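Chain by chain, the residues:
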Amino acid sequence: MNIIETVNITKKYGDFVANDAINLAVSEGEIKAIVGENGAGKTTLMNMLYGLIAPTSGKLLVGGKEVKFSSPLDAINSGLGMVHQHFKLVPSLTVCENILLGIEVLKNKTPFIDAKKQYEKVQAVVDKFKFDLNVRDRVEDISIGQKQRVEIMKMLYRNVNILILDEPTAVLTPQEVDELTISLKELKAQGKTIIIITHKLGEVMQLSDSVTIIKRGKVVGEVKTKDTNERKLAQMMVGRDVVLSVKKEEIDNSGNPVVYKLENISTKNIFGKEVLSDINLEVKEGEVLGIAGVEGNGQSELLKVVTGLMTTTKGNITLNGKEITNWWPANIRDAGVGMIHEDRYAQGLCQNMTIKENMIAGYHYCGDVCSRGFLRSQVISKKRDRLIKDYDIRVADAEGEVSQLSGGNAQKIIIAREFDSKPKVLIAAQPTRGVDVGSIEFIHNKILDLRKQGVGVLLISSELSEIMSLSDRIAVMYKGKIIGVVNQKDTSTTELGLLMAGITDKGGKQE
Amino acid sequence: MDYQRLLYDAISCGAPIILCVLGGNFAHKANVLNIALEGMLLMGAFTSVLFTMLTKNILLGILICILINLIWGIVFSVMCVTKKGNPIIAGLAVNMLATAICAFLLKVLGMANLNVNSIVNVAGLKIQIPVINQIPFIGGIISGHPLMTYVSFIAIFVMWVIMYKTKFGVYVRVVGENEDAAVSVGINVNRIRYIAVLIGAVCSALAGINLSLEKMALFTNDMSAGIGFIAIAAIFCGSGRPGLTSIYAIIFGLAQSLAINLSISAGAYSGLFNTIPYFMIVFILAVVSIIKMKNNRVRGFKNE
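Residues numbered from 1 in each chain as written. Chains lettered and ligands numbered in written order. Predicted model: local features only at pLDDT ≥ 70, side-chain atom pairs only at ≥ 80, totals over all residues. Heavy atoms only, no water.

> Residues and numbers for the overall build of chain A, please.
In terms of helices and strands, chain A carries 17 helices and 24 strands. Relative to a compact globule of 511 residues, whose C-alpha radius of gyration would be 24 Å, chain A shows 25 Å and is just as compact. Expressed as lengths along the three principal axes of its C-alpha atoms, the size of chain A is roughly 70 × 55 × 45 Å. Taking the contacts inside chain A whose residues are at least 6 apart along the sequence as the reference set, 66% of them involve residues at least 24 apart. (Helix = DSSP H or I, 4+ residues; strand = E, 2+ residues; numbered from the N terminus. Rg over C-alpha atoms; globule rule 2.2 N^0.38 Å. Contact = heavy atoms within 4.5 Å.)

Now the structure itself:
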């Protein structure tokens, strides 16, 4: 029996077809995976199921009956709950208040909230599903894995039978992923139907019963998990054979001189809390140093400090022995540090400016693009055309704005700009976040090219597979500290996972 | 200087600011920048006196005044909640319209100001609290204020309860802090914002009534004199928390009281002291900003 079924469901935005006549069927009590590249239309489909957006045409059936949702509340009332990729939680409220948001328990016929009763009721449900949560904690104080559990709990409390999880593992440590897997299997055993949206094929294989593959808004395949493998799924997703991980050449760089060095770097956030404490790192020429860690353990602050967007409270940063601590970004770039920021549209590019302007952003006073304070349009155009060719950037209109480009191509503009400036050191943060599989391969190869040329690379990434396939050495961050540095060759994802969770083989769990 | 007089005036001047602040807090917490407080306050002061004069009935005057301010609140909400307009421009429009309407109607009526002394007995509206007014020094400060002044102080507690102990208060804070979270559980975000703005409108009406009708039985042009803006400053300084913002409101009230009492004995230079409250705002805003930004190590404007 199909608990959810869509019949030719279509969503159009003007001329753009985000979902084209999708037929999806989910049977009761199964774990269904929906895979596809970024921009394939997975999230659009889920948002239609959840009532966040209305389909242009087509039908949605829940439990065999046709339904029309005008808001998420309708979906929840029909037994459908969604856990979003970006959690929809209120940091200043407690776990309990977040779970009960919208369905507060009131004192008899008054508008006042009955806090005591709320705690009791939520605790009962948390116990029932064996979740590890303290209902009185404020959401701002709990870990990301716990936040996700709050989101799941929010739906379970509302008695949903069908749980949709959008990219549930994107922000978790490998161990937390395992815990989530156990939780989901427990929920399945209790009779819930689960739909997970993901582009991580390993987890699809590990978790799901059946898989639906979506490409460019269309269903291109539907298979039972036991009849397929990662390679076949990847092929269907991208439409061609892809290399799932790039091959790194073995280079002996252990004797190379140190090009970039951080000594005792510390800084505080706006609340006066130390978010980086005594960071010591060295990057040698021709070496990729990966920074792994669960998001929110100081990687963003480290990136800001090394790129000049945030000042330190103590410590030194040196490039080839020259002190560059707390320099402004322009000077740091000038000194020979290339930067790929974690949010390409916030710090990397200006979306409403042309490709041409973005190609020289940050280097607009360098070399021959600028003369006596005036930009030389023809030189810049030539540079743009050269980079578009060299870096295989697919643009519809070379004179147009960056906003027309897909995520992968926008990221390639940054890559082209920073790599073309011949940096001595490259700082790359989440270089392939939200980028399609084909572009990931390209960007990874480019980074390895730089390594071969003797550039030192500091790679900050929350994708453990990326860190593992590119790095020579890996430093793991936990609560603003470097908790361990390991050689890529001698480590495993299990060891890294333990470090990411703050567990070292010596002292046990660090606080 | 007469310290008893100074503190009595501080409470008296603080009351309309407190009312504006308490009403404005909800919009602030719901993430609506309500700079229309000033215009609503002026409108409250004007319409309460005008309709008391026309109906010859204080209660009716107050009632109509509140109704009119609710309409202003709805106008503002339609512009910046439903239509998602820029709240600064919408607020500015409300403020300028309010000033213009008051000036225009005064001109039409052919009066320099509206005086309802014959209907309203200002001294009679002052409430002497038994027992407390017998306490030396303090009695003279706390007792002898009109109704709305007491309402404003009681409202601090009431608004705190609404903000932190009721479903509506939770929703207001959720809407401001994470709108997506509110939408995803089916909270009607716009309705919460409307109510938040309307609470501000009603409170501004009460503040206006306090300012003109109760304390002076008189309306003069531009008598709000920036009190609505002072309230916005207090809301910002106290991050929208009822208790803290009220403390800032009282501090600004004290500044106004200082201005009044110092200028009495200043002779030719008395006008100079009227600048005290405004200097105080700049000073306090600067200090609060410095404290809030003390630990900021992120370069540029954004701080996430």
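> Which residues make up the packing of aromatic side chains, and what values do they have?
We describe a pair of aromatic rings using the distance from one ring centre to the other and the angle between the two ring planes. Taken as a whole and judged by the stated rule, the model has four aromatic pairs over all chains. Between F46 of chain B and F219 of chain B, the ring centres sit 5.0 Å apart and the planes meet at 65°, which makes this aromatic pair edge-to-face. Of this pair, F46 of chain B sits in helix α2 (residues 37-55) while F219 of chain B sits in strand β2 (residues 218-220), and the two are 173 residues apart along the sequence. Grouping residues by exposure puts F46 of chain B and F219 of chain B together as buried. Here the aromatic cluster, defined as three or more aromatic residues joined through ring pairs, consists of F157, W160 and Y164 of chain B. Between K11 of chain A and the ring centre of Y13 of chain A, over which it is positioned, the NZ or CZ distance is 5.2 Å. Above the ring of W328 of chain A, the side-chain terminus of R299 of chain B is found at 4.1 Å from the ring centroid. (Phe/Tyr/Trp six-rings, centres within 6.5 Å; stacked < 30°, edge-to-face > 60°. Buried < 20%, exposed > 50% of the residue type's maximum accessible area, 1.4 Å probe, protein only. Lys NZ or Arg CZ within 6 Å of the ring centre and 35° of its normal.)

> Hey, could you go over helix α11 (residues 227-237) of chain B for me, with residue numbers and the actual values?
Residues and elements named next belong to chain B. Along α11, nine of the eleven residues are buried, which leaves the element largely enclosed by surrounding structure. Taken residue by residue, α11 has I227, G228, I230, A231, I232, A233, A234, I235 and C237 as its buried positions. Buried residues along α11 sit against α1 (3-29), α2, α10 (189-216), α12 (242-264) and α14 (276-293). One or two positions beyond α11, positive phi appears at S239, with a value near 50°.

> With reference to specific residues and values, describe the sheet that holds strand β8 (residues 193-198) of chain A.
All names here are of chain A. Pairing in this open sheet of six strands is mixed, and the strands run β6-β7-β8-β3-β9-β10 from one edge to the other. Both edges of this open sheet fall to β6 (80-83) and β10 (218-224), since each of them pairs with a single strand only. On average, each strand axis in the sheet is inclined to that of its neighbour by 20°, with strand direction left out of account. Bridge count between strand β3 (residues 31-35) and β8: five bridges; the pairing is parallel. Bridge pairing in β8 places K32 opposite I195. Sitting on the sheet, helix α1 (residues 42-49) is in contact with β3, β6, β7 (162-166), β8 and β9 (210-215), with an inclination near 150° to β8. Seen against the sheet, helix α8 (residues 230-238) touches β3, β9 and β10 and runs at an angle of roughly 30° to β9. (Pairing = 2+ DSSP bridges. Axes fitted to C-alpha atoms, helices over the stretch in contact; angles between N-to-C directions.)

> Any chance you could break down the pairing of strand β11 (residues 258-268) of chain A for me, citing the residues and the numbers?
In summary, the side chains of a regular strand alternate between the two faces of the sheet. All names here are of chain A. Direction of pairing for β11 relative to strand β12 (residues 274-284): antiparallel, over a ladder of seven bridges. By the bridge assignment for β12, K261 is matched with E282. Following β11, the chain reverses through five residues before pairing antiparallel with β12; G272 in that reversal takes a positive phi of roughly 80°. In this structure, β11 lies alongside strand β14 (residues 314-319), joined through five bridges in antiparallel fashion. Note that in β14 the partner of L262 across the bridge is I317.

> Describe in detail the interface of chain A and chain B, supporting the description with residues and values.
Residue-level contacts link 40 residues of chain A with 26 residues of chain B. Taken as a group, K88, L101 and I270 of chain A account for 22% of the area that chain A buries against chain B, more than any other trio of residues on that side. Here D180 of chain B ties to K88 of chain A by a salt bridge, and the two come within 3.6 Å at their closest N and O atoms. Run the count over chain A and chain B and you get twelve residue pairs in polar contact (both at pLDDT 80 or more). (Buried area = accessible area lost by both parts, 1.4 Å probe. Salt bridge = Lys/Arg side-chain N within 4 Å of Asp/Glu carboxyl O. Polar contact = N/O pair within 3.5 Å; in protein donor to acceptor, adjacent residues only side chain to side chain.)

> Explain α2 of chain B to me, using residue names and the numbers behind them.
Residue and element names in this part refer to chain B. Here α2 is 19 residues long and its end C-alpha atoms lie 26 Å apart, about the 27 Å a rise of 1.5 Å per residue gives. The buried count for α2 comes to 16 of 19 residues, which makes it a mostly enclosed element. One or two residues past the end of α2 sits K56, with phi positive at roughly 55°. (Expected span 1.5 Å × (residues − 1).)

> Can you lay out empty space enclosed by the protein for me, pointing to particular residues and giving the numbers?
Residue and element names in this part refer to chain A. By the definition in use, this model includes five cavities of 30 Å³ or more. Space inside the largest cavity adds up to approximately 80 Å³. If you trace the largest cavity, you find it lined by F131, G145, Q148, R149, I152, L172, E176, E179, L180 and S183. Mapped by element, the contributors of at least two residues to the lining of the largest cavity are α5 (144-157) and α6 (174-189). Partitioning the lining of the largest cavity into residue classes produces four nonpolar, three polar and three charged. (1 Å grid on protein atoms, 1.4 Å probe; cavity = no way out; pocket = protein on both sides within 12 Å on 5 of 7 lines; lining within 4 Å. Points joined across faces, edges and corners; volume = space filled by probe spheres on them. Nonpolar A, V, L, I, M, F, W, Y, C, P; charged D, E, K, R; others polar.)

> I'd like a rundown of the pattern of salt bridges, residues and numbers included.
All names here are of chain A. As enumerated under the stated definition, the model contains 24 salt bridges over all chains in all. A salt bridge links D209 to K188, with the nearest nitrogen and oxygen atoms 3.2 Å apart. In this pair, D209 sits in the loop between α7 (201-207) and β9 while K188 sits in helix α6, placing the two residues 21 residues apart along the sequence. Because the salt bridges share partners, they merge into one network encompassing D132, R149 and E179.

> Give me the domain arrangement of chain A: which residues, what numbers.
Residue and element names in this part refer to chain A. When cut into domains, chain A gives domain 1 (2-238) and domain 2 (258-350 + 418-500). The centre of domain 1, based on its C-alpha atoms, is set 33 Å off from the matching centre of domain 2. The interface is formed by ten residues belonging to domain 1 together with 14 residues belonging to domain 2. Counting the contacts that link domain 1 with domain 2 gives zero salt bridges. The tally of links between domain 1 and domain 2 comes to zero residue pairs in polar contact (both at pLDDT 80 or more). Those elements that provide at least two residues to the side of domain 1 that touches domain 2 are α6 and α8. Its residues assigned to classes, the side of domain 1 that touches domain 2 comprises five nonpolar, three polar and two charged. (Domains from an automatic or database assignment.)

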